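Examination of the molecular architecture
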Amino acid sequence: MSRPIFTIVTPTLNCGRFLSRNFSSIQSQGLPAEEVEHWVIDGGSTDGTVERLREQTIAHYISEKDRGLSDAVNKGLLRATGEWIIWLNADDELAPRALFAFKDAVREYPGVFLFCGRQEVLRYDGSSEIITESWDYNLKDLLGARTAILQASTFVHRSVYEKVGLLDLSFRYAMDYEWTVRAAHHFRCQPLSAVLSRYHRRAGSIMDAHIADQFREFLRVRRQRKQSYFDRAEWRIRFYLLTEPLRRSHLRRAVRQIKKWFGQEPTHPMSPG
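The paragraphs below set out a description of the structure included in this document.

Quick look at the pattern of salt bridges now. Scanning the model with the defined rule gives 15 salt bridges in all. The partner of E178 in a salt bridge is R182, and the shortest N-O contact between them spans 2.9 Å. Of this pair, E178 and R182 both sit in helix α7 (residues 175–184), 4 residues apart, roughly one helical turn. Classification of E178 by relative accessible area gives buried; the value is 5%. Of the residues examined, R182 reaches a relative accessible area of 17% and is grouped as buried. Among the salt bridges present, the one from D213 reaches R216, with a minimum N-O distance of 3.0 Å. In this pair, D213 and R216 are both assigned in helix α9 (residues 211–224), 3 residues apart and thus about one turn of the helix distant. Exposure remark for D213: the relative accessible area of 24% places this residue in the partly exposed category.

One finds Y137, L142, V160, Y177, W179 and F215 to be the most contacted residues of the largest nonpolar core, which totals 42 residues. Those elements that place two or more of their residues in this core are β2 (36–42), α3 (69–79), β4 (84–87), β6 (114–122), α6 (158–164), α7, α9 and α10 (232–247). With residues near it in sequence (within four places) discarded, L142 still touches W135, Y137, T147, I149, Y177, T180, V181 and A184. If you look at the next biggest cluster of nonpolar residues, it comprises 20 residues, including I8, W84, F102 and V112.

Here we come to the packing of α7 against α9. Where α7 meets α9, the axes come as close as 9 Å, and the angle between the chain directions of the two elements is 25 degrees. Relative to α9, the element α7 lies roughly parallel. Relative to α9, the crossing made by α7 is right-handed. Along the contact surface, α7 presents M175, Y177, E178 and V181, while α9 presents E217, F218, V221 and Q224. Here the contact of α7 with α9 is built from residues that sort into 5 nonpolar, 1 polar and 2 charged.

Across the two faces of β4 the burial is the same, with W84 and I86 and I85 and W87 all buried. Of the strand pairs in this sheet, strand β1 (residues 6–12) and β4 are connected by 4 bridges, and their pairing is parallel. By the bridge assignment, V9 is partnered in β4 with W87. Relative to strand β8 (residues 154–157), β4 runs antiparallel, the two sharing 3 bridges. From the neighbouring strand, I85 faces β8, where its bridge partner is V156.

Inspection of every chain in the model, using the stated rule, returns 13 aromatic pairs. Their ring planes at 65 degrees and their centres at 4.8 Å tell us that Y177 and F218 sit as a pair that is edge-to-face. With a gap of 41 residues between them, Y177 in helix α7 and F218 in helix α9 connect regions that are remote in the sequence. Like Y177, the residue F218 is buried in the burial classification. Taken together, the aromatic side chains of F6, W84, F102, Y109, F115 and F155 make up a single cluster linked through ring pairs. R79 extends its terminal NZ or CZ atom over the ring of W39, reaching a point 5.8 Å from the ring centre. Positioned above the aromatic ring of F100, the side-chain terminus of R97 is 4.4 Å from the ring centre.

A few words now on helix α1 (residues 19–27). The α-helix advances 3.6 residues per turn, and as a result positions three or four apart in sequence lie on the same side. Along α1, the residues classified as buried are L19, N22, F23, S25 and I26. End-on, the buried residues of α1 take up no more than an arc of 160 degrees, which puts them together on one face. Of the exposed residues in α1, those oriented more than 90 degrees away from the buried face are S20 and Q27. Those residues of α1 that are buried lie in contact with β1, β2, α2 (49–55) and β5 (93–94).

About the criteria used
Residues numbered from 1 in each chain as written. Predicted model: local features only at pLDDT ≥ 70, side-chain atom pairs only at ≥ 80, totals over all residues. Heavy atoms only, no water. Salt bridge = Lys/Arg side-chain N within 4 Å of Asp/Glu carboxyl O. Helix = DSSP H or I, 4+ residues; strand = E, 2+ residues; numbered from the N terminus. Buried < 20%, exposed > 50% of the residue type's maximum accessible area, 1.4 Å probe, protein only. Core = buried A, V, L, I, M, F, W, Y, C linked by side-chain atoms within 4.5 Å. Contact = heavy atoms within 4.5 Å. Axes fitted to C-alpha atoms, helices over the stretch in contact; angles between N-to-C directions. Parallel < 35°, antiparallel > 145°, perpendicular 65-115°, else oblique. Left-handed = near helix turned anticlockwise from the far one by under 90°. Nonpolar A, V, L, I, M, F, W, Y, C, P; charged D, E, K, R; others polar. Pairing = 2+ DSSP bridges. Phe/Tyr/Trp six-rings, centres within 6.5 Å; stacked < 30°, edge-to-face > 60°. Lys NZ or Arg CZ within 6 Å of the ring centre and 35° of its normal. Arc of directions from axis to C-beta.

Put into structure tokens, the structure is as follows:
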């Protein structure tokens, strides 16, 4: 039997309430079942996730304790049999017709093995906030002032993982960034104009609760890659960490509210640009 075109890897921990939305976004792509393989890697949830997984028939799954998000994703990568691999967190979803748009891109760019599409960001209340532009993940910018990885809109050929390896388990918050830096040493990334995914902001998620930890891991990658302590990117990261306590204070919330009154939606610090 030929391998599927796509494998979608969905790590989850106590996110069972989002799985139906995640599954629906995949099923609604309209591709034949044999073209799409879906692995859900559950970290031992206690919120009814396992019961939901037992009731469905469209995804493979395992449920067991793991060593964090990187470990969960790696378990999915090791089980993936598809040509193209998509890491789609449980609380996110594919954009409508994303897989059809991507198949067109593969025909347009033969010989490219790493793609980044645009991503729709949804506010905490579910309303649309912004369409984040795709970019080429070039090494200069990755190790400069541009650290935002559009993870769910990043489609990776299996040969890239075979060359670059899996996620580094020692990274718990910026594992996608560290892996992309490694990949950028060997593969060029082709940005696409199509919106490929929808990212949902969610209170308590890694992005929401551990932004400062992500920035600390950005610094760790910079040290591994022997980057300067004195360039703009270094100071951008350190300035964020220095002022991060203000972002958790009532003062910061007040400033954000004032910006909204004047029609200036506060942007996420990870936004590329």
